[in-house]
Amino acid sequence: TSGVTLENMTVTGDLYITGGVGLGYVTLNNVTVYGSIIASGAGESNEGDCSIILKNSTAPEMIVDSLTNQYVTIRSVGDTDIGRVYVRTDTYLENRSTGDYGFQYIEVDGEDGTQLDLSGNIHEVITMTPDSRINVGSGTVEQLTVDENAVGTEITIAQGATVEVLNLDTATTVRGEGDIGILNVN
């Protein structure tokens, strides 16, 4: 349900965030998940904030796959550390974690046309999905790769945003006024 905060706990299996959240929000504060965090519910919060807020929480894996195709918004802060994030439906990821923490590896592997919006400091992103749309709104993405299977992908890098290394393994449209450090066109 919306407005729930899980705090100072360990989940030995998977943690499901389901449709009961609706357009509300859920906060995980000092939560350790040994399985996967599976976000199959939630959406863009009507509270004006992200629908899933991860504070000082850890998990080896997170899967974002909204059953109702809602645009899911997720923010990490503090010492949150998520090893891998699999994006299967339209998603906004904001990394406000400290240092090398946050979303370590993000893979877009949803249906054709899946959109991923990014903000903050992101380590590594790869899209495997045809016609995907990757938008770097602010902050820095250390490495962004468009896999050879992701034909028709569009990348937008907003003014003030940076992609340090951009790897294009297929023809890709790149737009925006942001910066690219190294561009590898394969």
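Before reading further, recall that the structure is shown in the block above.
A. Representation of a nonpolar patch on the surface. Where nonpolar side chains cluster on the molecular surface, the patch consists of V174, I180, L183 and V185 and spans about 320 Å² of accessible area. Considering every element that reaches the nonpolar patch, the biggest residue donor is strand β16 (residues 179-185), with three residues. Judged by relative accessible area, V185 falls into the exposed class, the value being 60%.

B. Fine view of the packing of aromatic side chains. Counted by the stated rule, this structure contains zero aromatic pairs. The residue whose ring lies beneath R84 is Y105, and the NZ or CZ to ring-centre distance is 4.2 Å.

C. Seen up close, the side chain of E94. Examined against the element boundaries, E94 turns out to sit in strand β9 (residues 91-97). A polar atom in the side chain of E94 sits 2.9 Å from the side chain of Y92. When sequence neighbours within four positions are dropped, the list of residues in contact with E94 reads C50, I74, R75, S76, F103 and S119.

The rules we used
Residues numbered from 1 in each chain as written. Predicted model: local features only at pLDDT ≥ 70, side-chain atom pairs only at ≥ 80, totals over all residues. Heavy atoms only, no water. Patch = residues over 30% accessible without salt bridge, like charges linked within 9 Å, V, L, I, M, F, W, Y side chains within 5 Å. Areas by Shrake-Rupley, 256 points an atom, 1.4 Å probe, with all protein chains shown as cover. Salt bridge = Lys/Arg side-chain N within 4 Å of Asp/Glu carboxyl O. Helix = DSSP H or I, 4+ residues; strand = E, 2+ residues; numbered from the N terminus. Buried < 20%, exposed > 50% of the residue type's maximum accessible area, 1.4 Å probe, protein only. Phe/Tyr/Trp six-rings, centres within 6.5 Å; stacked < 30°, edge-to-face > 60°. Lys NZ or Arg CZ within 6 Å of the ring centre and 35° of its normal. Polar contact = N/O pair within 3.5 Å; in protein donor to acceptor, adjacent residues only side chain to side chain. Contact = heavy atoms within 4.5 Å.

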